[in-house]
Amino acid sequence: MIQYHNRNKQLENRKQGVKASNNAKKYYDKIRKQHHQIACQRKDFLQQTTTYLCKTYAHIKIESLNVKGMMANHKLAASIADLGMYEFKRQLTYKAEWYTNRIDVIDQWYPSSKKCSNCGHKKEKLSLSDRLYVCDECGFEIDRDLNASINLEQAPESVIVEKIGWVTSELTSVDSIKSS
Ligand SMILES: [Zn+2]
């Protein structure tokens, strides 16, 4: 798109002593502003979402995603970098302290997507394009993400790898902030 719109604009070329045309300058200023705006909107979105989650839900479970492994998969890398998952977790973590939430991080190998939240059957294969989860065992049909969310909600203690924020009924979390 950018290249197409820019096809007639004279770019700067120092080697050839050519200066950028006014239209090219204007165009790149516009693009720069748009990129900045999108970056700001994305930041706002993350802040608002993590605040909303912490204010609304006392107990949150998230999956410890194998981000490094997924980054090695080039198809996934761009969208993951876009989503800012590290930033999402970072914000949830510090807001959990402010708003006294409890956050459980679930083991990345827990089969939250492959497991049927209705009967517990585990699928051998589930491709990323399968948006609908259909159980081979009991025939249960459910949105893929909803199925995974229910599985995370029902995840046993044994698959929790990290507890953040308001972990116990004692005031340890707040106490540790006050004393530091
Ligand atoms: Zn099932």
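To be clear, the structure that these remarks concern was listed above.
All figures in this text were calculated on a predicted structure; none of them were measured in a lab.

Parameters at a glance
Residues numbered from 1 in each chain as written. Predicted model: local features only at pLDDT ≥ 70, side-chain atom pairs only at ≥ 80, totals over all residues. Heavy atoms only, no water. Helix = DSSP H or I, 4+ residues; strand = E, 2+ residues; numbered from the N terminus. Expected span 1.5 Å × (residues − 1). Buried < 20%, exposed > 50% of the residue type's maximum accessible area, 1.4 Å probe, protein only. Arc of directions from axis to C-beta. Contact = heavy atoms within 4.5 Å. Salt bridge = Lys/Arg side-chain N within 4 Å of Asp/Glu carboxyl O.

So, helix H5 (residues 85–98)
Next, step 1: Look at H5: 20 Å from first C-alpha to last across 14 residues, which is about the 20 Å you get at 1.5 Å a residue.
Next, step 2: Within the sequence span of H5, burial applies to Gln91, Leu92, Lys95 and Ala96. Buried positions in H5, seen along its axis, are confined to an arc of 135 degrees and lie on one side of it.
Next, step 3: At its buried positions, H5 is contacted by helix H2 (22–56), strand S1 (59–63), strand S2 (102–106) and strand S5 (160–165).
Next, step 4: Directly beyond the C-terminal end of H5, a positive phi value near 55 degrees is found at threonine 100.

Describing the pattern of salt bridges
Next, step 1: Enumeration according to the criterion identifies nine salt bridges in this entry.
Next, step 2: We note a salt bridge from lysine 89 to glutamate 162, for which the minimum N-O separation is 3.4 Å. One end of the pair, lysine 89, is in helix H5; the other, glutamate 162, is in strand S5, and 73 residues separate them in sequence.
Next, step 3: Among the charged side chains, a network of salt bridges with common partners joins Arg102, Asp104, Glu157 and Lys163.

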